[in-house]
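# Results of the structural survey
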Amino acid sequence: IQVEGQKVRTILRTHTLNKLGLWDQVESQGKPLLKKPMRLEIQSGGQALELKATKFKFTEKKSTRVITESDWSAGNLTGTTRGEWDYDGMMKWTLEIHPSKETVDAMTIVIPLDNPRMPLFHACTDGIRFNYAAPLHRDKGGFGMAAKPRAIPWRAPTFPISGWGPRNAVSV
C-alpha cells in the first residue's frame, strides 16, 4: 500500500479519500468508478442533518496495512470513523456514534456508481452462503441496468454484520 496525500494506492486501484475516510473516487485501470464522492446521510428528528468531518489523519502507514481516523458531527450528534486498509484494497470502515439524547432516524452511505463500469454487486459478510450478490439495478421486477445514474444507499440495521443489504437505488 502506498499513501500519497489523500490517496491510498493498493493492488490495481487508487482510492482518493475525503475527510470522513470514504472515497471521493476510486480508479481501476486508470478509469474512475464513481459518478460523485461517497457520502453519509443522517436524519434525526425528521430532518436531514449536514455532516461535517474534521481531523482526518492516517494513524498507521505500512506496506501491508493503513489506518485512517476522523471525527464527525451532524447537529448535536458526534462520532468517529476508522478505516482499516489491507494491501488488496479491502477497507473495513467503522462508524462510531457517541452517546447522545438525539434520536437517529436513519444513516445511509450513498455510493454513486458509474453504472456501465460497475454492473455487479457482492457484499462480504460474517458468514458463508448468504452473501448478497447480483446485478445492481432493478428493472421490471428483476435486475437490469438503470437508464440514469443512480446510487446504492447502504444500511446496517443490526449489529454485527447480519442484516446488511442494499435498499432501493436513489438518484445521484
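Note that this is a predicted model, so its numbers are computed, not measured.

### Details of the environment of Leu17
Here Leu17 is to be found in strand S3 (residues 13-17). On the basis of relative accessibility, which here comes to 2%, the residue Leu17 falls in the buried class. Along the sequence, Leu17 and Phe56 sit 39 residues apart, while their C-alpha atoms lie 9.7 Å from each other. Apart from residues no more than four positions distant in its own chain, Leu17 is found in contact with Gln6, Val8, Leu22, Trp23, Asp24, Phe56, Phe58, Thr68 and Trp85.

### Comments concerning the pairing of strand S8 (residues 51-61)
Direction of pairing for S8 relative to strand S9 (residues 65-74): antiparallel, over a ladder of eight bridges. Opposite Phe58, over in S9, you have Thr68 as the bridge partner.

### Some details on the sheet that holds S9
Pairing is antiparallel across the open sheet formed by four strands, whose spatial order is S8-S9-S10-S11. Two strands close off the open sheet at either side, each with one partner strand: S8 and strand S11 (91-97). Between one strand axis and the next, the sheet turns by 15° as a mean value, whatever way the strands run. The pairing of strand S10 (residues 77-86) with S11 spans seven bridges and is classified as antiparallel.

### Describing the packing of aromatic side chains
What the rule picks out here adds up to two aromatic pairs. Between the aromatic rings of Trp23 and Trp85, the centroid separation amounts to 6.3 Å while the plane-to-plane angle is 35°, which identifies the pairing as tilted. Here Trp85 lies in strand S10 and Trp23 lies in strand S4 (residues 23-28), a separation of 62 residues in the sequence. Per residue, the accessibility class of Trp23 equals that of Trp85, and both read buried. Measuring from ring centre to ring centre gives 5.3 Å for Phe56 and Phe58, while their planes differ by 80°; the resulting arrangement is edge-to-face. Classification of Phe58 as buried rests on a relative accessible area of 18%.

Calculation criteria
Residues numbered from 1 in each chain as written. Predicted model: local features only at pLDDT ≥ 70, side-chain atom pairs only at ≥ 80, totals over all residues. Heavy atoms only, no water. Helix = DSSP H or I, 4+ residues; strand = E, 2+ residues; numbered from the N terminus. Buried < 20%, exposed > 50% of the residue type's maximum accessible area, 1.4 Å probe, protein only. Contact = heavy atoms within 4.5 Å. Pairing = 2+ DSSP bridges. Axes fitted to C-alpha atoms, helices over the stretch in contact; angles between N-to-C directions. Phe/Tyr/Trp six-rings, centres within 6.5 Å; stacked < 30°, edge-to-face > 60°.

Keep in mind these values describe shape, not function.
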